[in-house]
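# Descriptive analysis of the structure
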Amino acid sequence: MVTKTDVSLKNFFIFNSTIPTKEGEELKKILYYYPITDHADVQIKNVGLVEGIINFTETFKPSSPVNSLHTNDARQLYFQPEKNFWVVMTLHLTNLPKNKDGLNNIEQMLEDDIQDNVYEALLKQSYYVFRLFWNTLYSYKDTDTLKVELEKFFNPYLKCLKLAHADILDIFNGIQYLPLDKNTFLKVQCFINHLESSYPEISHTAFLYNDHLIWSGIEPEDMQTIYQYLIGTLLPANVETELQGGSMPRNISSPFMALRHGRFITGPTNLKLAKTMGEVPVLYLFGSDKPVKYYFVVYRALSATVCFFIKGDTILTLDFFKQLDEVASPKLIALVTDIAEYCAKQIVSPSVQSESAPKFIYFNNLNLAYKSTVHLDNKRSGNLTCTKESLRIMADIEEKNGLLGKSNETILKTMNDYWVVGKCSNSRQFYIALQQKNASLIEISDEVKKLCDSELKGIFFHPV
Amino acid sequence: MSDNVEIDPGATHESGLVTTNSFDNLERMSSSLEEIKSTNAISHSEDSNDNSNIEQLEESTNYVKDNVEEGEIEVSREWTSKSKHIFVLSQAGKPIYSRYGNEDKLAWLFGVMQTLVSFIQSSDDTIKSIHAGDTHFVFLIKKPLILVAVHKTQESEQQLITQLNYVFNQITSILTLTRLKKIYEQRQNYDLRRLLTGVERLIDHLLDFSEKDPSFLLGAVQCLPLANSVRDNISSAIISSCNKIKNLVFAILLADNKLITLVRMKKYCLHPGDLHLIFNLVQASESLKNSESWTPLCLPKFDASGFLYGHVSYLAEDCQACLLLLTVDRDVFFTLSEAKQRIVERLRRGNCLEAINEAVVSSDADWNGAGFPELRHYLYKCKSTAQFYQPPLGPPYSLSLRRLMDVYKRSHQRLHSSARPLKLAFERSANEAVLAWDTRGFELYATFEPLTSTAAIIASVGKLLDWVKKREDKLFCLNAPTF
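As the structure is a prediction and not an experimental result, all values here were calculated from the model.

Parameters at a glance
Residues numbered from 1 in each chain as written. Chains lettered and ligands numbered in written order. Predicted model: local features only at pLDDT ≥ 70, side-chain atom pairs only at ≥ 80, totals over all residues. Heavy atoms only, no water. Helix = DSSP H or I, 4+ residues; strand = E, 2+ residues; numbered from the N terminus. Contact = heavy atoms within 4.5 Å. Areas by Shrake-Rupley, 256 points an atom, 1.4 Å probe, with all protein chains shown as cover. Domains from an automatic or database assignment. Buried area = accessible area lost by both parts, 1.4 Å probe. Salt bridge = Lys/Arg side-chain N within 4 Å of Asp/Glu carboxyl O. Polar contact = N/O pair within 3.5 Å; in protein donor to acceptor, adjacent residues only side chain to side chain. Nonpolar A, V, L, I, M, F, W, Y, C, P; charged D, E, K, R; others polar. Core = buried A, V, L, I, M, F, W, Y, C linked by side-chain atoms within 4.5 Å. Buried < 20%, exposed > 50% of the residue type's maximum accessible area, 1.4 Å probe, protein only. UniProt positions renumbered as here; feature names shortened; annotations may be inferred. Axes fitted to C-alpha atoms, helices over the stretch in contact; angles between N-to-C directions. Parallel < 35°, antiparallel > 145°, perpendicular 65-115°, else oblique. Left-handed = near helix turned anticlockwise from the far one by under 90°. pLDDT = per-residue confidence, 0-100. Pairing = 2+ DSSP bridges. Expected span 1.5 Å × (residues − 1). Phe/Tyr/Trp six-rings, centres within 6.5 Å; stacked < 30°, edge-to-face > 60°.

## Describing the overall build of chain B
- In terms of regular secondary structure, chain B is built from 15 helices and 16 strands.
- Restricting the contact set of chain B to residue pairs at least 6 apart, pairs at least 24 apart contribute 68%.
- Accessible surface, chain B as shown: approximately 18,800 Å² in total, 49% of it carbon and sulfur.

## What about the domain arrangement of chain A?
Residue and element names in this part refer to chain A.
- The domain architecture assigned to chain A consists of domain 1 (5–166), domain 2 (182–346) and domain 3 (359–455).
- Contacts between the two partners involve 8 residues from domain 1 and, on the opposite side, 10 residues from domain 2.
- A buried area of about 840 Å², summed over both sides, lies between domain 1 and domain 2, and 74% of it is on carbon and sulfur atoms.
- Area buried by domain 1 at its contact with domain 2 is led by L132, F133 and N135, which between them contribute 68% of it.
- Our count for the domain 1 to domain 2 interface comes out at 0 salt bridges.
- Counting the contacts that link domain 1 with domain 2 gives 1 residue pair in polar contact (both at pLDDT 80 or more).
- Each residue belonging to the side of domain 1 that touches domain 2 can be placed in one class, and the counts come to 5 nonpolar, 2 polar and 1 charged.

## So, the interface of chain A and chain B
- Taken residue by residue, the interface counts 51 residues in chain A and 54 residues in chain B.
- Carbon and sulfur atoms supply 64% of the area buried between chain A and chain B, which totals about 4,500 Å² over both sides.
- The interface formed by chain A and chain B includes 4 salt bridges.
- Between E111 of chain A and K128 of chain B there is a salt bridge, and its shortest N-O distance comes to 2.6 Å.

## Quick notes on the nonpolar core
- Core analysis: the biggest nonpolar cluster contains 88 residues, and F12, Y119, I226 and F309 of chain A have the highest contact counts within it.
- In terms of residue count, helix α3 (residues 116–134) of chain A provides more of this core than any other element does, 10 residues in total.
- V88, Y97, L160 and V221 of chain B belong to the second-largest nonpolar core, a separate cluster that totals 68 residues.

## Examining the UniProt feature "domain: FUZ/MON1/HPS1 second Longin" (unreviewed entry) in chain B
- Taken from the UniProt record, the annotation "domain: FUZ/MON1/HPS1 second Longin" (unreviewed entry) applies to residues 246–345 of chain B.
- Counting secondary structure, residues 246–345 of chain B comes out at 26% helix and 38% strand; the distance between its end C-alpha atoms is 21 Å.

## Let's talk about the packing of helix α7 (residues 199–212) of chain B against helix α10 (residues 272–284) of chain B
All names here are of chain B.
- Relative to each other, α7 and α10 sit at 115 degrees, their axes nearing to 9 Å. One finds that α7 runs roughly perpendicular with respect to α10. α10 is crossed by α7, and the crossing has right-handed handedness. Taken together, the residues of α10 that come into contact with α7 (itself represented by R201, L202, H205, L206 and F209) are H276, L277, F279, N280, L281, Q283 and A284.

## Re the UniProt feature "domain: FUZ/MON1/HPS1 third Longin" (unreviewed entry) in chain B
- This chain's UniProt record puts "domain: FUZ/MON1/HPS1 third Longin" (unreviewed entry) on residues 374–472 of chain B.
- Regarding residues 374–472 of chain B, the helix share stands at 34% and the strand share at 31%, and the terminal C-alpha atoms are separated by 22 Å.

## Thoughts on the confidence of the model for chain A
All names here are of chain A.
- For chain A, the average pLDDT comes to 85, and 88% of its residues sit at 70 or higher.
- Contacts for the low-pLDDT stretch residues 97–103, under 50 throughout, to residues beyond four places or in other chains number 8 contacts.
- The model gives residues 246–258 a pLDDT under 50, and that stretch makes 7 contacts with residues more than four places away or in other chains.

## Quick word on the sheet that holds strand β14 (residues 408–414) of chain A
- Taken in spatial order, the 11 strands line up as β13(A)-β12(A)-β16(A)-β15(A)-β14(A)-β14(B)-β15(B)-β16(B)-β12(B)-β13(B)-β6(B) in an open sheet, and their pairing is mixed. Of all the strands in the sheet, just β13 (369–372) of chain A together with β6 (221–222) of chain B have a single pairing partner and so form its edges.
- Where strand β15 (residues 433–438) of chain B lies against strand β16 (residues 442–448) of chain B, 6 bridges are found, and the strand directions are antiparallel. Residue pairing in the sheet places A433 of chain B in a bridge with F448 of chain B of β16 of chain B.
- Strands in contact with helix α13 (residues 401–416) of chain B are β14 of chain A together with β12 (375–382), β14 (422–428), β15 and β16 of chain B; relative to β16 of chain B, the strand with the most contacts, it is inclined by about 135 degrees.

## Considerations on the packing of helix α5 (residues 157–175) of chain B against helix α6 (residues 177–186) of chain B
Residue and element names in this part refer to chain B.
- At a minimum axis separation of 7 Å, α5 and α6 run at an interaxial angle of 90 degrees. Viewed along their axes, α5 and α6 adopt a mutual orientation that is roughly perpendicular. Along its contact with α5, which presents F168, I171, T172 and L175, the element α6 presents L177, R179 and L180.
- The residue inventory of the contact of α5 with α6, partitioned by class, reads 5 nonpolar, 1 polar and 1 charged.

## Details of the pairing of strand β16 (residues 428–434) of chain A
All names here are of chain A.
- The buried count for β16 comes to 7 of 7 residues, which makes it a mostly enclosed element.
- Of the pairings in the sheet, the one linking strand β12 (residues 359–364) to β16 comprises 6 bridges and is antiparallel in character. Across the sheet, residue N364 finds its bridge partner in β16, namely R428.
- Linking strand β15 (residues 419–425) to β16, which pair antiparallel, is a turn of 2 residues; within it N426 sits at a positive phi near 55 degrees.

## Observations regarding the pattern of salt bridges
- Summed over the entire model, instances satisfying the criterion amount to 34 salt bridges over all chains.
- A salt bridge links D396 of chain A to R420 of chain B; its shortest N-O distance comes to 2.7 Å. Remark: R420 of chain B occurs in the loop between α13 and β14 and D396 of chain A occurs in helix α10 (residues 388–400); the pair is interchain, linking two chains.
- Taken together, the shared-partner salt bridges in this structure form one network comprising K84, R99, E155, D208, E211, R402 and K409 of chain B.

## Examining the sheet that holds strand β5 (residues 145–151) of chain B
- In spatial order, the strands read β2(A)-β1(A)-β5(A)-β4(A)-β3(A)-β3(B)-β4(B)-β5(B)-β1(B)-β2(B); together these 10 strands make up an open sheet with antiparallel pairing. The sheet is open, and its two edges are formed by β2 (30–34) of chain A together with β2 (95–98) of chain B, each paired on a single side. Taking each pair of neighbouring strands and ignoring which way they run, the sheet shows an average axis angle of 10 degrees.
- Sheet topology places strand β4 (residues 74–82) of chain A next to strand β5 (residues 85–92) of chain A; 7 bridges connect them, and they run antiparallel. Across the sheet, residue E82 of chain A finds its bridge partner in β5 of chain A, namely F85 of chain A.
- Sheet strands in contact with α7 of chain B are β1 (84–90) and β2 of chain B, and its direction is about 40 degrees off that of β2 of chain B.

## Side note on α13 of chain B
- For α13 of chain B, spanning 16 residues, the distance from its first C-alpha to its last is 22 Å, which sits close to the expected 22 Å at 1.5 Å a residue.
- For α13 of chain B, the complete set of buried residues consists of L404, M405, V407, Y408, K409, R410, S411, H412, Q413, R414, L415 and H416 of chain B.

## Side note on unusual backbone geometry
- Here the amide bond leading from Y34 of chain A into P35 of chain A is cis, since omega sits at 0 degrees, within 30 degrees of zero.
- With respect to the element layout, P35 of chain A can be found in the loop between β2 and α1 (40–58).
- The omega angle of the peptide bond from K143 of chain B to P144 of chain B is 5 degrees, so this bond is cis rather than trans.
- Even without glycine at this site, D417 of chain A takes up a positive phi of about 70 degrees.

## Here we look at the side chain of T172 of chain B
- Its location among the elements puts T172 of chain B in helix α5.
- Engagement of the side chain of T172 of chain B in a polar contact is seen with the backbone oxygen of F168 of chain B, the distance being 2.6 Å.

## Details of the packing of aromatic side chains
Residue and element names in this part refer to chain A.
- Following the criterion strictly, the structure yields 47 aromatic pairs over all chains and no others.
- Ring centres of F12 and F154 lie 5.1 Å apart, and the angle between their planes is 40 degrees; this geometry places the pair in the tilted category. Of this pair, F12 sits in strand β1 (residues 8–16) while F154 sits in helix α4 (residues 143–160), and the two are 142 residues apart along the sequence. Accessibility assignment for this pair places F12 and F154 in one class, buried.

Below, the structure written as structure tokens:
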């Protein structure tokens, strides 16, 4: 058995095909290029090929612009986020020179592992995160500024890209919600309404408990990207500093005492010592027709995270933050205690979940909610309860969903006798991996029925 | 599920057909011709296929160029909306074939495709496919040609590659691979269309044929249902009329796109891919109906380097079965013509012609009465003999064969995906429930009413396998007779 090499990035570039260039100045079209070590000629050649492919494919009037190019050694994915702008990502299928059969074998395996729908989703995500903080590419009238900004964003972003662990969840790019009982949910609502009416500068608010969203006042498509940013980047970084004492004074007897008080994790992170406000991040929401600018202020206490979207034309002062902190902190601490109590009651002891129990992924297209018992954490670390193979088969099923109509069911038996099931109904998608050898089709379809009844109460699955 | 079936229906110890893997790339070529020629000293030592000049070839093939004036089709909306374009070009970018539109008017497009291929080659890589929404571009670089499919169908890349391979083999079957290579070695810029007049029609037909007929998908051949005794009589009639003739490699009798029997020289088997080309040739050439023909034919899987010579004729005015006698001798037309007469006489005496006619006409419609109320249609492929059986189309597919083929292609694709092959695939949509099952001995694709329960489906499948087993000697050619 040959060891598999991981998927790796060959190049990543952004260009505008309409920037007028003279012969010999093609480099001007390229707004961003990674890796910087590629010679200018190589860059120009690569962009030229993409332009050629775009033109060639357009001849046949496809339903959408070109998505991907498959070659023996590489996979190239395309995304046209705005008119004339193209974002291109190329993945290596092999890192090693191929000479022996064994190596070709690896290549074949990598090629099979790279699913267009998954990596296309990854490519799109990268653009949406950029747009969230830097606005659209089109909004930059000056290409030189745009180039600088793109570098600022993509250089670190590409380094953190977890190519090897991309899977069907990236296609959904969903949000985990925390369902609460009426009372607790109303308390959260009250808290948010109180703040929003006391501070008219706050246009919208989002409320999270751990990794779960409880309330969001912004459009789901915007929340999707913000959620990924919070869960993937901002919060993990802060939880780490909290655990290390971080910006908190170290002489406090218990580190947890410090956390009994809320604090800002964007903006003035240490109010007591702050003399200035620090830099408050700005972001753009695209829920309405035009991008709207907001200050993005994140406040955290215990396990709760509150995001305030403050109108972009507000003049922020340190006083504002101090006031907000004073009002929010005690209420929030009390609220979190309530939520924690409620959650404690709901938790089913994990020992019930046996190894061989079916693992599932659920996604609702309407509110972008997802739930997964396949992934053990939110970190894209490849910490899975089913085989990677099964996850890939799920993505295969997802790819063909469109061909089967709105309601459908797919049951597949793999070569090593595992079963993977996909069900689609009412804009919901449900994927299940069952590691039951020697089961029959009938048993599997019964098992899935049971699981739908127990896990997805109240969701109506069409008989078909 | 298959416990009650001891030997998979249709399986035999011996097969006249080479068994195929799914998505056989038709890569493996043998050199059977040399072998046969060396074992049976050929009367004519001079056998220089490759030097036979162009004119001779054009004469000897019976194809007449259709002089239909191509309309002024360029890149119109109608042209771009075609569900599947096929292009063939030389490595130098010279147009050879376009399924729709005039190659000369599309010369620029061929140029673009060649540039793309060579551009990517210049960085030591090979282009495989491009995907843009509903439109997919599949490239097959098969020296000395480049084949490209541009399609808006749901077929997989592998399925398209198989189809392009068929197109390549169709071209080889007219020229031989050796000749094809030699032509381009001598002149890179050669316009191959000069040698392929009339072949466009064969390729056109092959493409339509392969889209409609599951045999291409399955890499298998369907047999004409005949009682075992009748089939044996037919085979022995052929054997006894031909056993004196040296160098006869294959005798193939087919009707209605189905195989009646295949008699072969010992040791040699026919690949289904080659047989499909023969089916295509017979079906696409109306002129064969009127007279006996003598045609050189290269079977690329059998031997891509040289020609077999075929005596092709229909049995009789009153029996539309087509007989092909394939030999390595290039001038035994009259010997074979006589043999054919003897065969027909024997078949007539044995009442075999009537039996064939009856089998062609009767659509075997009683299968649905066999107790499968929810079963709509199925394909059963016996892997060891590369044969398959399908019942006649019933509602709702009688009006939408294409949709049924899409369903089967999707299931086939799931089972045989090179990345993640499966043992079983079941899908249920508002239109139908489909079970695709790949076992060691057979493949089964069955469509059911959409709301059929899985229990009922499994029960039906069990019964169906029994039913096929009971009738296997009628549905399949279980013997592989030799001369």
